[in-house]
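Chain residues, written in single-letter form:
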Amino acid sequence: MQASAKSRAADTGAIDAVIVGAGFAGMYMLHRLRGLGLSVRVYEAAGDVGGTWWWNRYPGARCDVESMQYSYAFSDALQQAWRWSERFSAQPEILRYAAHVADKLDLRRDISFETRVTTAHFDEASDRWLIETDRGDRVAARWCIMATGCLSAARTPDFPGLADFGGTTYHTGQWPHEGVDFSGQRVAVIGTGSSGIQAIPVIAEQAAHLTVFQRTPNYSIPSRNGPMDDAYENSWKRDYPAYRAQARRMRTGILYGLDALYGVNDQSALEVSPEERQRLYTTRWAAGGVAFMAAFNDLIVSQEANDTAAEFVRAQIRATVHDPRVAELLAPRDYPIGTKRICVDTNYFETFNRANVTLVDVRTTPIESITAMGVRVGGVDHAVDSIVFATGFDAMTGALNNIDIRGRAARTLVDKWTEGPRTYLGLMAAGFPNLFMITGPGSPSVLSNMIVSIEQHVDWLADCIGHARARGATAVEATQAAEDGWVALVDEVGHRTLYPKANSWYMGANIPGKARVFMPYIGGVGTYREICDDVAAKGYEGLRFSAARATGSAAAE
Ligand code: NA7
């Protein structure tokens, strides 16, 4: 189905809810709010549904959560009917799935595509958000739900000379929809995070020459991707609801396959013999995927335990890459494994054995400038025809801070978050009534299977909004005390792990000047769900419900 035509600027008057974003979060939120009988408008900058999968069309783009688990669970009919073709789905297939869901639920009639929300201002007299878009829409909505994604504000570093480059530049997160043919070209890829690691092997097969500019090497586990096995698919589908329920209780919201062999091993890496450790790592390396990190229960809390896993991966890199100098450059050393987002690849390290691939270390000598001809490092010019920026995103807060959001007393969210994001449960921020974030900072979000976390947030929010409406409240707001308590907990739990040791986007470290705060809640998806359920069961503890002055009702705690 084609995306709808651009909406014309419209003064839509007052509606119940605005949702910003039509990725998996916005789509399901729309479905749930419709179910409550609310009038809803969704604004989406892209040309169709799919969010991150609409934008990230770079070669090799693929999900690192297994296909059988990276899909909606709210409809058994949907999960039974859809068939995935590979163990780990590629971007085009996930996008087709998103479009299929939009068709099935007839979502597009409430979505304005190619429309970016620019401002959201809270009107204290009416308890409504006044929302404007770049197409001139103006609408007043009781509820404003930010389904803006955690990794949606693409970032290209401000390299000197960038404007002078005579070739073509691309960002992995804003890839041209018609695709790019690199045949016969000299290509530069800058960045070796998940996107770079997926794109590099595919581009290397097409380009005449590929030069990879690496600042920080990454730990990457082979995906062992392949066609979907019918028996595996059927075993999931036979008992889908039960497996989904199990996954929701896991730390990451992921069941590591149905084979107990690859589940979470509740042993310390230090309590088994070196031979047994090696055997377990080898088995998981052979099985592929992020279940590698579930080999022991202390890999993210104990440096000593972590060192054993990190050394195992370094040994694999050395065994794979023929040139020992290149292997050493590719072997991460200065941060614990898993504390920067672990990568999952197909032939990444093998790609550096190709004659047409060069690795340039820009850690010791940073990129000096982009010139008309290419990339200059340490006075050496690397001539290229195209540059691919795989340089990541202003993660978790970027998309929110790009909107002019003003809450009570016209305070901006940017101002509130100067020292790092502050939320209650990653869902709301004090002083910003009726503004909800799906998978916001302070929730498990990027540390989890995003669709599991999205469904949990959407269901919780739909219940919360239903609860507010039932009691005649026109405003729901996190109390300052509840927010303070949650921020402290997120910080405390984060610091019980090794995560703060890495300069990661989880910490805001990839954006110059951004506050260094560990942003996601790392207590686990299962634990987090229990906390949220408990909050709701206690009458939404930590939230204040009130009625607008215009209605004459009194505030109700
Ligand atoms: P990431 O993981 O943020 O990776 C960005 C990469 O770009 C990373 O290797 C950076 O090195 C590198 N980078 C950024 N700025 C520069 C400069 N100025 N010079 C050289 N290299 C630079 O983004 P991805 O898109 O790969 O992945 C994001 C998430 O999307 C991923 O984790 C999945 O969840 C999906 P650094 O490590 O900062 O030294």
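Just so it is clear, the structure is predicted and the values come from calculations on it, not from any experiment.

(A) A look at the sheet that holds strand E13 (residues 367-370). Taken together, the three strands give an open sheet; going across it, the order is E13-E14-E15, and neighbouring strands pair in antiparallel fashion. In this open sheet, the two strands that pair with only one neighbour each are E13 and strand E15 (380-383). Within this sheet the neighbouring strands show an average axis-to-axis angle of 25°, counted without direction. Of the pairings in the sheet, the one linking E13 to strand E14 (residues 374-377) comprises three bridges and is antiparallel in character. Pairing of Ser369 across the sheet is with Arg376, part of E14.

(B) View of the pairing of strand E2 (residues 40-43). Residues of E2 alternate between two faces, with Val40 and Val42 on one and Arg41 and Tyr43 on the opposite face, all of them buried. Sheet topology places E2 next to strand E3 (residues 111-112); two bridges connect them, and they run parallel. Considered in E3, the bridge of Val42 is made with Ile111.

(C) Representation of the sheet that holds strand E16 (residues 386-389) within the structure. Read across the sheet, five strands follow the order E7-E16-E8-E9-E12 without closing on themselves; strand pairing throughout is parallel. Either end of the sheet is taken by a strand with one partner, and the two such strands are strand E7 (168-171) and strand E12 (357-361). Sheet twist, expressed as the mean angle between neighbouring strand axes with direction ignored, is 20°. Pairing geometry for strand E8 (residues 186-190) and strand E9 (residues 209-214), over five bridges, is parallel. Counterpart to Arg186 in the pairing with E9 is His209.

(D) Region of the structure containing the site of the ligand. Surveying the vicinity of the ligand reveals 19 residues, the closest of which are Thr192, Ser195, Arg215, Thr216 and Lys340. Interatomic distance of 3.4 Å between a side-chain N/O atom of Trp505 and an oxygen atom of the ligand. Look at the ligand: alone it shows 780 Å² of surface, and the protein chains cover 87% of it. Looking at the shell around the ligand residue by residue, the classes come out as seven nonpolar, eight polar and four charged.

(E) Focus on the packing of aromatic side chains. Inspection of the entire model under this criterion finds 38 aromatic pairs. Ring centres of Tyr348 and Phe349 lie 5.0 Å apart, and the angle between their planes is 65°; on these two criteria the pair is classed as edge-to-face. Like Tyr348, the residue Phe349 is buried in the burial classification. Taken together, the ring pairs in this structure connect Phe24, Tyr28, Trp53, Tyr70, Tyr72, Phe74, Trp82, Trp84 and Tyr97 into an aromatic cluster. Taking NZ or CZ as reference, Arg57 lies 5.1 Å from the ring centre of Trp54, over its face. Residue placement shows Lys340 over the ring face of Tyr335; its charged tip is 5.7 Å from the ring centre.

(F) Region of interest: the side chain of Asp345. Along the polypeptide, Asp345 turns up in strand E11 (residues 343-345). As a buried residue without a salt bridge, Asp345 has its nearest oppositely charged side chain in Arg224, at a separation of 7.8 Å. Of note is the side chain of Asp345, whose polar atom sits 2.7 Å from the side chain of Ser220. Residues contacting Asp345, with those up to four places away along its chain left out, are Ile197, Ser220, Ile221, Pro222 and Ser223.

(G) Seen up close, helix H16 (residues 525-537). Given a rise of 1.5 Å per residue, 13 residues ought to cover 18 Å, and the 18 Å separating the end C-alpha atoms of H16 matches this to within 8%. For H16, every residue scored as buried is listed here: Val525, Gly526, Tyr528, Arg529, Cys532 and Val535. On its buried face, H16 sits against helix H7 (240-248), helix H14 (450-470) and helix H15 (480-494). Just downstream of H16 lies Gly539, where phi reads positive at about 70°.

(H) Layout of unusual backbone geometry. If you check the backbone angles, Asp127 has positive phi at about 55° while not being a glycine. According to the relative accessible area criterion, Asp127 is buried, its value standing at 3%. Not every positive phi belongs to a glycine, and Asn347 is a case in point at roughly 65°. Of note, Asn347 is situated in the loop between E11 and helix H11 (348-351). When its relative accessible area of 43% is taken as the criterion, Asn347 is described as partly exposed.

(I) Spatial organisation of the pattern of salt bridges. Taken as a whole and judged by the stated rule, the model has 33 salt bridges. The partner of Glu132 in a salt bridge is Arg138, and the shortest N-O contact between them spans 2.8 Å. Judged by relative accessible area, Arg138 falls into the partly exposed class, the value being 46%. A salt bridge links Asp415 to Arg411; the shortest N-O distance between them is 3.0 Å.

(J) The environment of Ile342, seen in detail. Of note, Ile342 is situated in the loop between helix H10 (324-330) and E11. Residues in contact with Ile342, not counting those within four places in the same chain, are Asp64, Ser194, Tyr219, Ile221, Val290, Met293 and Ile337.

Rules of the game
Residues numbered from 1 in each chain as written. Predicted model: local features only at pLDDT ≥ 70, side-chain atom pairs only at ≥ 80, totals over all residues. Heavy atoms only, no water. Pairing = 2+ DSSP bridges. Helix = DSSP H or I, 4+ residues; strand = E, 2+ residues; numbered from the N terminus. Axes fitted to C-alpha atoms, helices over the stretch in contact; angles between N-to-C directions. Buried < 20%, exposed > 50% of the residue type's maximum accessible area, 1.4 Å probe, protein only. Near = heavy atom within 4 Å. Polar contact = N/O pair within 3.5 Å; in protein donor to acceptor, adjacent residues only side chain to side chain. Areas by Shrake-Rupley, 256 points an atom, 1.4 Å probe, with all protein chains shown as cover. Nonpolar A, V, L, I, M, F, W, Y, C, P; charged D, E, K, R; others polar. Phe/Tyr/Trp six-rings, centres within 6.5 Å; stacked < 30°, edge-to-face > 60°. Lys NZ or Arg CZ within 6 Å of the ring centre and 35° of its normal. Lys, Arg positive; Asp, Glu negative; His and termini not counted. Salt bridge = Lys/Arg side-chain N within 4 Å of Asp/Glu carboxyl O. Contact = heavy atoms within 4.5 Å. Expected span 1.5 Å × (residues − 1).

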